[in-house]
Amino acid sequence: MKPTIYEMSFNGGILARGFWLYIWEITTQEKINLYYVGRTGDSSSNKAQSPFTRMGQHLGSNHNNNMLRRYLEDRGTSADQCAFRLVAYGPILAEATTKDEHVASRDIIAALEKALANYMKEAGYDMLNTVKCQKAPAPYLWAKVRDAFAEHFPKL
């Protein structure tokens, strides 16, 4: 790869820890747009990272954290040949202080993540991932999430 200057700018609010939802819009080298819906709030710990932290993990080399990179590879696309846009909404809930609080918050966000991924798919976006969750989203939170992302994705 030829040395090139790259530039990235962001608002520092995206560094806040807590429970967030986010949508990746990936444009492949062939100019095809792909989408990935995710959340912060690990299932394996009490931590709820920032979207900024998840951004690096999604595209990094750690096989346990780089789901987005793996989904792209499954589609025959190399991450280093794509353009990325991350739209994040949150923190919807604060990072929990106990395991029980964390699990409750994680489940609330997981239900919203599934609803958002399904909504994107129903609107015709080419989704990389399918979110599995048995819980229904809280209607008042879902309305806020849906409206926030609709401002950035015109088919919603």
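Residues numbered from 1 in each chain as written. Predicted model: local features only at pLDDT ≥ 70, side-chain atom pairs only at ≥ 80, totals over all residues. Heavy atoms only, no water.

A. Representation of the side chain of His 102 in the model. Here His 102 is to be found in helix H3 (residues 99-122). Beyond its immediate sequence surroundings of up to four residues, His 102 is in contact with Phe 19, Gly 41, Asp 42, Ser 45, Asn 46, Lys 47 and Ala 96. (Helix = DSSP H or I, 4+ residues; strand = E, 2+ residues; numbered from the N terminus. Contact = heavy atoms within 4.5 Å.)

B. Quick peek at the nonpolar core. Judged by nonpolar contacts, the single largest core of 23 residues is most densely connected at Ile 23, Leu 116, Met 120, Val 145, Phe 149 and Phe 153. Mapped by element, the contributors of at least two residues to this core are strand E1 (19-27), strand E2 (33-39), strand E3 (83-93), H3 and helix H4 (139-150). The dominant element in this core, judged by the number of residues it contributes, is H3, at six residues. In this structure Phe 149 touches Leu 21, Tyr 22, Ile 23, Val 87, Tyr 89, Leu 116 and Leu 156, once residues within four positions along its chain are discounted. Counting residues in hydrophobic clusters, the runner-up holds twelve residues, among them Tyr 36, Met 55, Leu 72 and Cys 82. (Core = buried A, V, L, I, M, F, W, Y, C linked by side-chain atoms within 4.5 Å. Buried < 20%, exposed > 50% of the residue type's maximum accessible area, 1.4 Å probe, protein only.)

C. Here's a closer look at the pattern of salt bridges. Scanning the entire structure with this criterion turns up six salt bridges. Note that Arg 146 is salt-bridged to Asp 147, the shortest N-O span being 3.6 Å. On the basis of relative accessible area, Arg 146 is assigned to the partly exposed category, the value being 27%. In this structure Asp 147 comes out as partly exposed when scored by relative accessible area, which is 45%. (Salt bridge = Lys/Arg side-chain N within 4 Å of Asp/Glu carboxyl O.)

D. Spatial organisation of the environment of Tyr 119. Inspection of the secondary structure puts Tyr 119 in helix H3. Along the backbone, Tyr 119 and Arg 69 are 50 residues apart, and their C-alpha atoms lie at a distance of 23 Å. Beyond its immediate chain neighbours, meaning those up to four positions away, Tyr 119 contacts Trp 142, Arg 146 and Leu 156.

E. View of the pairing of E1. The element E1 is largely enclosed, with a buried count of eight among its nine residues. Relative to E3, E1 runs antiparallel, the two sharing eight bridges. Along E3, the bridge assignment pairs Tyr 22 with Ala 88. In this structure, E1 lies alongside E2, joined through seven bridges in antiparallel fashion. The residue bridging Trp 24 from the neighbouring strand is Tyr 36, located in E2. Counting the residues in the hairpin turn of E1 and E2 gives five residues, including Lys 31, whose phi is positive at 70°. (Pairing = 2+ DSSP bridges.)

F. Looking closely at unusual backbone geometry. Geometrically, the link from Gly 90 to Pro 91 is a cis peptide bond, its omega value of -5° lying close to zero. You can see Pro 91 is positioned in strand E3.

G. Main features of a nonpolar patch on the surface. A surface patch of nonpolar side chains, amounting to about 310 Å² of accessible area, comprises Met 8, Phe 10 and Leu 15. When you line up the elements, Leu 15 lands in the segment before E1. Accessibility expressed as a relative area gives 43% for Leu 15, which makes it partly exposed. (Patch = residues over 30% accessible without salt bridge, like charges linked within 9 Å, V, L, I, M, F, W, Y side chains within 5 Å. Areas by Shrake-Rupley, 256 points an atom, 1.4 Å probe, with all protein chains shown as cover.)

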